[in-house]
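One letter stands for each residue in the lines below.
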Amino acid sequence: MIETGTETVLAQVVEGVGVISFNRPHRRNALHSEMYVAIPALLERFAADDDIGCVVITGTGSAFCAGGDVRDGGSAREVTAPDPEAQVLERSAVLADNARMVTLLHEMPKITIAALPGAAVGAGMSIALSTDLRIAARSAKLVPGWSKLAFSGDFGGAWFLTHLLGPSRALELLIADQPIDSDTGLALGLFNRVVDDAELSAAALAWAAEIAAGPTAAFAGTKANVLDAQRLPLHEAVKAESERMVRSALTAEHRDAVKAWLATAAKKTQARR
């Protein structure tokens, strides 16, 4: 276990996998002010640790994350601006800073996985969608949640849905504000895998450990290629992709992979003789 500085977040490293857990099961893991400090710090630590090849974010209990805790004012901070417009700008800056965890999950060089034991609501849905891959329990669901409270959305929810589904479908889901169950999420491509509830923890860790045991530097380059594909024109993406390809060819990781491939090929040749 890793000391996180708060009981609201648990962390550990297992088989080369950095695991972060929201830990407010009595509030369905609704976000708390201490999480906004602890989780980015953990993500930055895991990103810089060569012994960690994959990162999983999940929740304790029966939920992934219920989003902002409206009753506790979990995202509130004292506002000092004197006039209404300045207050809007100050509160906006605070909210954007609170959401830094989604940027880190999305852009860090390690592959990130969200493991959903249950509902991901509002900002919780955004956090789940910010990861590279998602595995869900059959009882899990994604709930935009903002429209019912007359909110427009936060933590990048509209950005992630738009990139995953396209603008028309994203807008439809956000306005309808209906739960997206695990089967629908799988069909839409919002979930990569769905497993029985009792199997989620083991299945998520096994998947993450498999990734962590692979060529993680190459995976970092592959992730960068996919990110570039969403924001660069083809000619610029190919240029960056080509440089990463050449750099990957210079790594010990690549040399070891080639040796292993040649050894396997030699054994197959001998077996055919």
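The rules behind the values
- Residues numbered from 1 in each chain as written.
- Predicted model: local features only at pLDDT ≥ 70, side-chain atom pairs only at ≥ 80, totals over all residues.
- Heavy atoms only, no water.
- Helix = DSSP H or I, 4+ residues; strand = E, 2+ residues; numbered from the N terminus.
- Rg over C-alpha atoms; globule rule 2.2 N^0.38 Å.
- Buried < 20%, exposed > 50% of the residue type's maximum accessible area, 1.4 Å probe, protein only.
- Contact = heavy atoms within 4.5 Å.
- Areas by Shrake-Rupley, 256 points an atom, 1.4 Å probe, with all protein chains shown as cover.
- Domains from an automatic or database assignment.
- Buried area = accessible area lost by both parts, 1.4 Å probe.
- Salt bridge = Lys/Arg side-chain N within 4 Å of Asp/Glu carboxyl O.
- Polar contact = N/O pair within 3.5 Å; in protein donor to acceptor, adjacent residues only side chain to side chain.
- Nonpolar A, V, L, I, M, F, W, Y, C, P; charged D, E, K, R; others polar.
- Pairing = 2+ DSSP bridges.
- Axes fitted to C-alpha atoms, helices over the stretch in contact; angles between N-to-C directions.
- Parallel < 35°, antiparallel > 145°, perpendicular 65-115°, else oblique.
- Left-handed = near helix turned anticlockwise from the far one by under 90°.

On to the overall build of the protein, then. Helix and strand counts for the protein come out as 11 helices and nine strands. In terms of C-alpha radius of gyration, the protein reaches 20 Å, essentially the compact-globule figure of 19 Å for 273 residues. For the C-alpha atoms alone, the extent of the protein along its principal axes is close to 80 × 45 × 40 Å. Residues counted as buried form 41% of the 273 residues belonging to the protein. In the protein, the share of contacts with a sequence separation of at least 24, taken over all contacts with a separation of at least 6, comes to 69%. Element-wise, carbon and sulfur atoms account for 57% of the exposed surface of the protein, whose accessible area totals about 14600 Å².

Here we come to the domain arrangement of the protein. Under the domain assignment used here, the protein contains domain 1 (9-213) and domain 2 (216-271). Between the C-alpha centres of domain 1 and domain 2 the distance comes to 29 Å. The partner domain 2 presents seven residues to the 13 residues of domain 1 that form the contact. When domain 1 packs against domain 2, close to 710 Å² is buried across both sides, 59% of that on carbon and sulfur atoms. Residue Asp132 is joined to Lys223 by a salt bridge in which the shortest nitrogen-to-oxygen separation is 2.7 Å. Seen at the junction of domain 1 and domain 2, the total is five residue pairs in polar contact (both at pLDDT 80 or more). Elements represented by at least two residues in the side of domain 1 that touches domain 2 include exactly α3 (100-107), β4 (111-116) and α8 (200-212). No other element matches α3, which puts three residues into the side of domain 1 that touches domain 2. Here the side of domain 1 that touches domain 2 is composed, by residue class, of six nonpolar, four polar and three charged.

Let's shift gears to the sheet that holds strand β3 (residues 54-59). The strand order β1-β2-β3-β4-β6-β9 describes an open sheet built from six strands, whose pairing is mixed. Unpaired on one side and paired on the other, β1 (9-14) and β9 (193-195) mark the two borders of the sheet. Strand-to-strand twist in this sheet, taken as the mean axis angle between neighbours without regard to direction, amounts to 20°. Where β1 meets strand β2 (residues 17-22), six bridges bridge the pair, whose relative direction is antiparallel. Note that in β2 the partner of Gln12 across the bridge is Val19.

Let's shift gears to the packing of helix α4 (residues 123-130) against helix α5 (residues 157-165). Following both chains from N to C, one finds α4 and α5 inclined at 45°, their axes separated by 9 Å at the closest point. As far as their axial angle goes, α5 and α4 are oblique. When you trace α4 past α5, the crossing you get is left-handed. The residues of α5 that touch α4, namely those facing Met125, Ser126, Leu129 and Ser130, are Gly157, Phe160, Leu161 and Leu164. Of the residues that constitute the contact of α4 with α5, the class distribution is five nonpolar, three polar and no charged.

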